[in-house]
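Secondary and tertiary structure notes
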Amino acid sequence: MQTLITDSPEEAAAILNSGGIVAFPTETVYGLGAAITNTEAIRQVFQAKGRPTDNPLIVHIGRVEQLGEVARQINPAAEKLIERFFPGPLTLVLKKSPLVPEAVTAGLETVGVRCPANVVAREFLSRCSTPVAAPSANLSGLPSATSWETVMKDLEGRIDCILRGEPSSIGLESTIVDCSGQKPILLRAGAITLEQLQAVVGEVSAEKSDSEGTPPKSPGLKYPHYAPLASIILCRPREAATPRPRSAFIGMQRQAGEWEAQKICKNLEEYGRELFSFFRHCDSEGIRFIYCELPSSEGLGRAIRDRLLRAAGEE
Ligand code: TXA
Ligand code: MG
């Protein structure tokens, strides 16, 4: 399959509308979209990524008003979160409307819905004739793609089109909150922090969705994720690490010693934005160990910590 690369949201949307699968930029990470009503295109999305079919896709909308097309029984907590954080880096899990096919939700009665804020994403989505189901645009198991070049590396020849945009400004996947039950539950930490959610709706539980014995609330969380080929070694803040040969470091405090690459980030925002692209860079350089400073779980630290623990195989 020939993958067309374009800067035109119109052209990309036309390809999606005629049954193609299209990668597009968002402020979190790049997504790989298909029309929710086209089950063959949805099947191709799973196939292109090598994604297990029991892992549901997030449905993306260009305008908040389209929510009614995909979700029903939106409760007051969800309404407040929509009012405050849509469009943006937040996915809400809601009761699904019958219009959303089972292939998208992997048979669940709920649907994850997101309205991205990125301008190119919105121009694209607003020209798509249906809401767009999209996982992150990377091969399953690898870190999410935060640039179109990374999408190309993983998926060229496997998808119809890449809509080229800027590198993702956040660099970590959206916060996922399950609002389908009585109390909101944080399923995946992201740039909208637990503290911000709590400030809007009061109590939000952050229980582990994949604790033993209970089925995971977010099916994708049971799969290994975000892992570079190199091994991850976690360090405490301000811990002096001694590098093995072929090692790199990412964190907020510079390390002494012989490192093949060091990425020093001035704050958590930069750390989140650079993390996956640094993983990808290290893999392309043949680096064997990536030492990573593990931030505390306050604010954006929770999301970075979560990705690091998963990459290290500790979650
Ligand atoms: O930032 C993002 O969320 C990006 C961009 C493209 O929007 N998308 C993304 O998709 O990260 P993906 O497929 O890589 O991760 C989606 C996660 C998976 O863990 C999946 O299991 C979960 O969302 N999910 C989707 N629908 C769900 C549902 N109805 N209930 C619970 N979890 C759901
Ligand atoms: Mg993903």
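The coordinates are above.
Below or above, wherever it landed, is the structure these notes cover. (Residues numbered from 1 in each chain as written. Chains lettered and ligands numbered in written order. Predicted model: local features only at pLDDT ≥ 70, side-chain atom pairs only at ≥ 80, totals over all residues. Heavy atoms only, no water.)

1. With respect to the overall build of the chain
Applied cut-off: Numbered from the N terminus, helices here are DSSP runs of H or I no shorter than four residues, and strands are runs of E no shorter than two. C-alpha atoms define the radius of gyration, and 2.2 Å times the number of residues to the power 0.38 defines the globule rule. Type-normalised accessible area, obtained with a 1.4 Å probe on protein chains alone, sets the label of each residue: buried when under 20%, exposed when over 50%, and partly exposed for intermediate values. Residues count as neighbours in contact if any of their non-hydrogen atoms are within 4.5 Å of one another. Here the positive residues are Lys and Arg and the negative ones are Asp and Glu; neither His nor the chain ends is included. Note on charges: their place is set at NZ of Lys, CZ of Arg, CG of Asp or CD of Glu.
A tally of regular secondary structure across the chain gives 10 helices and 15 strands. The globule rule puts the C-alpha radius of gyration for 315 residues at 20 Å, and the 19 Å found for the chain is close to it. When its C-alpha atoms are laid out on the principal axes, the chain stretches across 55 × 50 × 35 Å. Out of the 315 residues belonging to the chain, those deemed buried represent 55%. Within the chain, contacts between residues separated by at least 24 positions form 67% of all contacts whose residues are at least 6 apart in sequence. Of the charged side chains in the chain, 34 are positive and 38 negative; the average position of the first set lies 3 Å away from that of the second.

2. Let's talk about the nonpolar core
To be explicit about the condition: Each nonpolar core is a collection of buried residues, namely Ala, Val, Leu, Ile, Met, Phe, Trp, Tyr and Cys, held together in the definition by side-chain atoms within 4.5 Å.
Counting 47 residues, the largest nonpolar core has Leu32, Leu81, Leu90, Leu92, Val151, Ile159 and Leu197 as its most contacted members. Not counting chain neighbours up to four residues away, the residues in contact with leucine 92 comprise Ala78, Leu81, Ile82, Phe86, Val111, Gly112, Val113, Val177 and Cys179. Residues Ile232, Phe278, Ile304 and Ala311 belong to the second largest nonpolar core, which totals 26 residues.

3. Here's the deal with empty space enclosed by the protein
Applied cut-off: Here a cavity means grid points, on a 1 Å grid over the protein atoms only, where a 1.4 Å probe fits yet cannot get out; a pocket means an open set of points with protein on both sides within 12 Å along at least five of seven lines; lining residues are those with an atom within 4 Å of a point. Grid points are joined across faces, edges and corners, and a volume is the space filled by probe spheres set on the points. Under the scheme applied, nonpolar residues are Ala, Val, Leu, Ile, Met, Phe, Trp, Tyr, Cys and Pro; charged residues are Asp, Glu, Lys and Arg; polar residues are all the others, including Gly. Note: domain ranges come from an automatic or database domain assignment.
In total, this model carries one cavity of 30 Å³ or more according to the counting rule given. Counted as a void, the largest cavity has a volume near 30 Å³. Lining the largest cavity are Leu186, Ala189, Gly190, Ile192, Thr193, Leu194, Gly299, Arg302 and Ala303. Across the lining of the largest cavity, the residue classes break down as five nonpolar, three polar and one charged. Two domains each put at least three residues into the lining of the largest cavity: domain 1 (4–206) and domain 2 (231–311).

4. Quick notes on the packing of aromatic side chains
This is how the line gets drawn: Each Phe, Tyr or Trp ring, with Trp reduced to its six-membered ring, pairs with another whose centre is within 6.5 Å; inter-plane angles below 30 degrees give stacked pairs, above 60 give edge-to-face pairs, and intermediate values give tilted ones.
Following the criterion strictly, the structure yields four aromatic pairs and no others. Centre to centre, the rings of phenylalanine 249 and tryptophan 259 are 5.7 Å apart; their planes meet at 55°, and the pair counts as tilted. Residue phenylalanine 249 is located in strand E13 (residues 247–251), and its partner tryptophan 259 is located in the loop between E13 and strand E14 (261–264); the two are separated by 10 residues in the primary sequence. An identical accessibility class is assigned to phenylalanine 249 and tryptophan 259; each is buried. Ring centres 6.4 Å apart and planes at 45° place the aromatic pair phenylalanine 276 and phenylalanine 279 in the tilted group. Taken together, the residues span about one helical turn, with phenylalanine 276 and phenylalanine 279 both in helix H9 (residues 268–284) at a distance of three residues.

5. Examining helix H8 (residues 194–201)
Given 3.6 residues per turn, any residue in an α-helix points the same way as the ones three and four places further on. Our working rule: In this description, the arc belongs to the directions extending from the helix axis to the C-beta atoms.
Within H8, the full set of buried residues consists of Leu194, Leu197 and Val201. Each buried residue of H8 lies within a common arc of 65° when the element is viewed along its axis, so the set occupies one face. Of the surrounding secondary structure, the elements contacted by the buried residues of H8 are helix H4 (76–85), strand E6 (90–96), strand E10 (175–178), strand E11 (185–188) and helix H10 (301–311). One or two positions beyond H8, positive phi appears at glycine 202, with a value near 75°.

6. Here we look at the sheet that holds strand E15 (residues 289–293)
Heads up, the condition is: Here, a strand pair is defined by DSSP locating no fewer than two bridges between the strands. Helix axes use the C-alpha atoms of the stretch in contact, all axes being lines fitted to C-alpha atoms, and the angles between their N-to-C directions lie in the range 0 to 180 degrees.
In space, the four strands of this open sheet follow the order E12-E15-E13-E14, with parallel pairing throughout. Looking at strand neighbours, the two that pair on one side only are strand E12 (231–235) and E14, the edges of this open sheet. The average undirected angle you get between the axes of adjacent strands in this sheet is 15°. Packing of H9 onto the sheet brings it into contact with E12, E13, E14 and E15, and relative to E13 it is tilted by some 170°. Against the sheet, H10 engages E12 and E15, with an angle of about 135° to E12.

7. What to know about the side chain of glutamate 270
Its location among the elements puts glutamate 270 in helix H9. Among the residues examined, glutamate 270 registers a relative accessible area of 11% and is labelled buried.

8. Brief notes about the pairing of E6
Among the seven residues in E6, six count as buried, and that is most of the element. Sheet topology places strand E5 (residues 71–72) next to E6; two bridges connect them, and they run antiparallel. Along E6, the bridge assignment pairs alanine 71 with lysine 96. Summarising the sheet, E6 and E10 pair through four bridges and their orientation is parallel. Opposite leucine 90, over in E10, you have threonine 175 as the bridge partner.

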